[in-house]
Amino acid sequence: MIQVAINGYGTIGKRVADAVRAQPDMEVVGVAKTRPNFEAETAVENGYPLYAAIEDRMDQFDDAGIELAGAVDELVATADVVVDACPSGIGADNVAMYREHDTPALLQGGEDADAAEVSFNARANFDETTGADVARVVSCNTTGLSRLVAPLQEEYGIEKVRATLVRRGGDPAQTGRGPINDILPNPVSLPSHHGPDVNTIFPDLAIDTLGLKVPATLMHTHSINVELESAPDADEVRELLESQSRTFVIDEHMAIDGAGKLKEYAQDVGRPRADIWENCIWGESITMEDNDCYLFQAIHQESDVVPENVDAVRAILGESDAAESIETTNEALGMGL
Ligand SMILES: NC(=O)C1=CN([C@@H]2O[C@H](COP(=O)(O)OP(=O)(O)OC[C@H]3O[C@@H](n4cnc5c(N)ncnc54)[C@H](OP(=O)(O)O)[C@@H]3O)[C@@H](O)[C@H]2O)C=CC1
Ligand SMILES: O=C(OP(=O)(O)O)[C@H](O)COP(=O)(O)O
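What you see is a predicted model; the values in this text were computed from it and never measured.

K.L.:
How should the sheet that holds strand β2 (residues 26-33) be read in this particular structure?
P.N.:
Strand pairing within a sheet occurs via backbone hydrogen bonds; the two strands may be parallel or antiparallel. Taken in spatial order, the eight strands line up as β4-β3-β2-β1-β5-β6-β8-β7 in an open sheet, and their pairing is parallel. In this open sheet, the two strands that pair with only one neighbour each are β4 (70-71) and β7 (118-120). Here helix α11 (residues 305-317) sits on the sheet in contact with β1 (2-7), β2, β5 (81-84), β6 (105-107), β7 and β8 (134-137), set at roughly 160 degrees to β8.

Structural data, given as structure tokens:
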């Protein structure tokens with residue numbers, strides 16, 4: 001069994017912990033928190049050994065009556081691999097500790113690309129991560145773009161991607177986030193970080209990305225134009241996207257008109273935390289105009305990177321090939337809407 005440590009048990013970390021625990025070949029050896037809040041309590045209730053991310057604060061856990069298994073560097077020393085899901089910037093600072101213990105580490109998309117040796121997307125470049133000391137699972141939006149680009153590039157070739165990303169302003173629990181009643185070009189200058197990030201996965205791809213932030217919390221929405229090298233009809237493109245294991249093409253009969261109904265559907269089918277691990281592509285939006293493919297997709301920011309982290313664990317340790325890992329992860333999670 002692969003012993004996985006999770007450093008940073010927040011939005012992404014707690015989901016990755018549950019997904020790792022669901023795998024037949026992995027176990028969670030512990031999770032680390034800086035303070036004894038509700039997530040520390042639920043980590044212990046869920047049976048995860050809890051470690052203090054900051055040693056000086058161990059007594060705060062004692063005072064709150066929350067039992068600790070130790071300090072984070074003990075956790076890192078024990079683990080085969082650590083998934084760092086700390087807030088942006090802290091992951092890069094933690095790399096020295098991971099290197100000191102010789103424990104391979106996975107950072108998240110909030111870190112700069114150069115904080116890791118390689119950036120990861122399971123569908124696109126699984127093998128490039130094998131043997132790395134530090135890899136980075138790209139951000140939720142970049143994961144969503146990469147999953148779309150990979151099959152289109154393989155099947156038809158791509159001249160250029162143009163993507164406008166309407167980004168949710170914050171996650172549902174991020175009470176401090178805005179905008180409250182505004183729509184912000186974000187960043188106002190082009191490109192947004194997503195295009196250069198996609199190039200960490202597809203170095204030669206021509207891609208321009210524009211970003212906005214809106215006062216919504218449920219999901220991001222992408223307006224996509226991919227100029228292909230050939231001109232398949234829209235039905236062919238739709239079939240191709242339907243055949244991918246991490247894309248959900250929303251059929252017209254479902255009458256899902258936005259992120260609200262997508263989340264409702266995820267709850268109705270019993271998804272944990274109403275998570276949607278797949279890219280959600282509106283079938284009727286898939287349109288071809290000459291070589292230009294257009295579509296809309298929604299991305300659940302809190303969860304699409306979760307299966308990618310699980311695959312990245314196997315990739316960095318060289319424990320599996322891409323197809324086998326993706327299949328194992330998908331089956332263990334119950335992927336497929
Ligand atoms: N949320 C999203 O939509 C997505 C986020 N990401 C990326 O994932 C990473 C994590 O983001 P997210 O989960 O949203 O962030 P959160 O803030 O939800 O979770 C991070 C957690 O890390 C803990 N933490 C803070 N400092 C430390 C530390 N020094 N050591 C260990 N734990 C610490 C915090 O909890 P506490 O201090 O209480 O221990 C916090 O709950 C970022 O790089 C982000 O960009 C990627 C895709 C989507
Ligand atoms: O990785 C994400 O978005 P991003 O791809 O737009 O950077 C997550 O939704 C986190 O975004 P945030 O930086 O607004 O918290």
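K.L.:
I keep staring at the UniProt feature "binding site: NAD(+)" (unreviewed entry) in the protein chain and nothing clicks. Help me out?
P.N.:
Residues annotated by UniProt as "binding site: NAD(+)" (unreviewed entry) correspond here to T11, I12, G110, R168 and Q301. The subset of the named residues that lines the largest pocket consists of T11, I12, G110, R168 and Q301. With respect to the helices and strands, the residue G110 is situated in the loop between β6 and β7. Here G110 falls in the partly exposed class, since its relative accessible area comes to 41%. Residue position: R168 is located in strand β9 (residues 158-168). Ignoring sequence-local partners within four residues, the contact set of R168 consists of Q174, R177, V214, A216, T217, M219, H220 and Q301. One polar contact links the side chain of R168 to the main-chain carbonyl oxygen of G170, over a distance of 3.4 Å.

K.L.:
Would you take a moment to explain the site of ligand 1 for this structure?
P.N.:
Surveying the vicinity of ligand 1 reveals 22 residues, the closest of which are T11, K33, T34, R35 and D171. In the model, an oxygen atom of ligand 1 is placed 2.8 Å from a nitrogen or oxygen of the R35 side chain. One nitrogen or oxygen atom from the main chain of Q301 is found 3.3 Å from an oxygen atom belonging to ligand 1. For ligand 1, the protein covers 83% of the area, taking 870 Å² as the surface of the free molecule. Judged by the fraction of its atoms near the pocket grid, ligand 1 is located in the largest pocket. Here the shell around ligand 1 is composed, by residue class, of seven nonpolar, ten polar and five charged. When residues are assigned to domains, the shell around ligand 1 turns out to be shared by domain 1 (2-138 + 305-333) and domain 2 (140-299), each giving three or more.

K.L.:
Help me understand unusual backbone geometry, please; the structure alone is not making it clear to me.
P.N.:
One can expect most non-glycine residues to show negative phi and most peptide bonds to be in trans. The omega angle of the peptide bond from G178 to P179 is 0 degrees, so this bond is cis rather than trans. Mapped onto the elements of the fold, P179 is located in the loop between β9 and β10 (184-185). Across the junction of L190 and P191, the peptide omega takes the value -5 degrees, indicating a cis bond. Turning to its location among the elements, P191 is positioned in the loop between β10 and α8 (194-201). Despite not being glycine, D102 shows a phi value in the positive range, around 60 degrees. Since its relative accessible area comes to 66%, D102 is described here as exposed.

Criteria and thresholds
All residue numbers here refer to positions counted from 1 along the written sequence of the relevant chain. To label them, take the chains in the order written and letter them from A, then take the ligands in the order written and number them from 1. Thresholds applied to this predicted model are a pLDDT of at least 70 for local features of residues and 80 or more for the giving and counting of side-chain atom pairs; totals over whole chains, interfaces and linings are not thresholded and use all residues. Excluding hydrogens and water, the side-chain values take into account all heavy atoms of the structure. For two strands to pair, DSSP has to find at least two bridges joining them. Numbering of helices and strands starts at the N terminus; helices are DSSP runs of H or I of at least 4 residues and strands are runs of E of at least 2. It only takes one pair of heavy atoms within 4.5 Å for two residues to be counted as in contact. Interaxial angles span 0 to 180 degrees and are taken between N-to-C directions of axes, which are lines fitted to C-alpha atoms, for helices over the stretch in contact. UniProt positions are given in the numbering used here, feature names are shortened, and annotations may be inferred rather than shown by experiment. Here a cavity means grid points, on a 1 Å grid over the protein atoms only, where a 1.4 Å probe fits yet cannot get out; a pocket means an open set of points with protein on both sides within 12 Å along at least five of seven lines; lining residues are those with an atom within 4 Å of a point. Note on classification: 1.4 Å probe, protein chains only; a residue is buried when its accessible area is under 20% of the maximum for its type, exposed when over 50%, partly exposed between these limits. Identification of polar contacts relies on pairs of N or O atoms within 3.5 Å, with a donor-acceptor requirement for protein atoms, meaning one able to donate a hydrogen and the other able to accept it, and with residues adjacent in sequence counted only if both atoms are side-chain atoms. The rule for a residue being near a molecule or strand is that one of its heavy atoms must lie within 4 Å of it. Accessibility throughout is a Shrake-Rupley quantity obtained with a 1.4 Å probe, and a residue counts as covered only by protein chains that appear here. Grid points define the cavity or pocket, and a molecule sits in it when more than half of its atoms lie within 2 Å of them. Polar here means any residue outside two lists: the nonpolar Ala, Val, Leu, Ile, Met, Phe, Trp, Tyr, Cys and Pro, and the charged Asp, Glu, Lys and Arg; Gly therefore counts as polar. Note that the domain bounds were set by an automatic or database domain assignment.

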